[in-house]
Amino acid sequence: DDNATISKTVASSDVSLVTTAMNGDILTLDYQENQHGTATITVTADSNGKTVDEVFGVTVSAVDDPPVVMNEVPDVLVQENSPNTVIDLSNVFNDLDDDNASITKTAISSNASLVAPAVNGNVLTLDYQADQYGTAAITVSATSNGKTAQDIFTASVSAVNDTPENLGLT
């Protein structure tokens with residue numbers, strides 16, 4: 001009956017899911033990020049050469065993660081009356097649950113009278129309005145299973161000195 005001489009060790013059947021540590025009588029289970037599944041935990045007690053095992057299961061349920069921004073869209077700088085800018089969004093967002101096919105992308109402009117964004121699949125088109133200049137914040141949203149991530153970049157349109165028209169000389 002010498003409990004002080006009992007040494008304890010612990011092992012996990014799947015360290016990619018859960019790692020274990022034993023410090024005295026304290027068992028710590030450390031669940032690994034973005035992992036799910038089942039592992040068997042074995043606690044072994046040893047006293048004077050005799051051992052006993054306590055085995056139990058741990059089940060970690062999957063959690064649907066929101067998409068994340070992997071590669072931010074760089075700011076855009078164009079001159080007034082420039083043609084539309086087309087941006088490929090296929091590598092901007094990633095769904096950690098490997099559900100990239102279900103990501104829906106949308107975009108809005110803080111200044112639609114300057115630039116009107118439109119998304120078709122993975123293609124963002126910035127449509128610059130005629131004879132307008134200034135700055136707009138473009139917010140691109142990616143939604144998967146009701147969870148959303150956003151990337152915000154700036155579209156700056158610089159003024160161009162237009163040629164005078166309809167001059168009436170007398």
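Here is what the cut-offs are and how they apply
Residues numbered from 1 in each chain as written. Predicted model: local features only at pLDDT ≥ 70, side-chain atom pairs only at ≥ 80, totals over all residues. Heavy atoms only, no water. Pairing = 2+ DSSP bridges. Helix = DSSP H or I, 4+ residues; strand = E, 2+ residues; numbered from the N terminus. Axes fitted to C-alpha atoms, helices over the stretch in contact; angles between N-to-C directions. Salt bridge = Lys/Arg side-chain N within 4 Å of Asp/Glu carboxyl O.

Participant: What exactly am I supposed to notice about the sheet that holds strand E11 (residues 115-120) here?
Facilitator: Within a beta sheet, neighbouring strands are joined by backbone hydrogen bonds and run either parallel or antiparallel to one another. Taking strand neighbours across the sheet as the criterion, the three strands line up as E8-E12-E11 in an open arrangement whose pairing is antiparallel. Two strands close off the open sheet at either side, each with one partner strand: strand E8 (85-88) and E11. Strand-to-strand twist in this sheet, taken as the mean axis angle between neighbours without regard to direction, amounts to 20°. Sheet topology places E11 next to strand E12 (residues 123-128); six bridges connect them, and they run antiparallel. Within E12, the position partnered with Val119 by the bridge is Leu124.

Participant: I tried to follow the pattern of salt bridges on my own but got confused; where do I start?
Facilitator: Oppositely charged side chains can pair when the atoms bearing their charge come close. Counted according to the given criterion, the structure contains one salt bridge. Between Asp25 and Lys8 there is a salt bridge whose closest N-O contact spans 2.6 Å. With Asp25 in the loop between strand E2 (18-23) and strand E3 (26-31) and Lys8 in strand E1 (residues 7-12), the pair connects residues that are 17 residues apart, well separated along the chain.

Participant: When you look at the pairing of E3 in this model, what are you seeing that I'm missing?
Facilitator: A regular strand carries its side chains on alternate faces of the sheet. Inspection of the sheet shows E2 paired to E3 by six bridges, in the antiparallel sense. Paired with Ala21 across the bridge in E3 is Thr28. What sits between the antiparallel neighbours E2 and E3 is a turn of two residues, in which Gly24 has the positive phi angle 65°.

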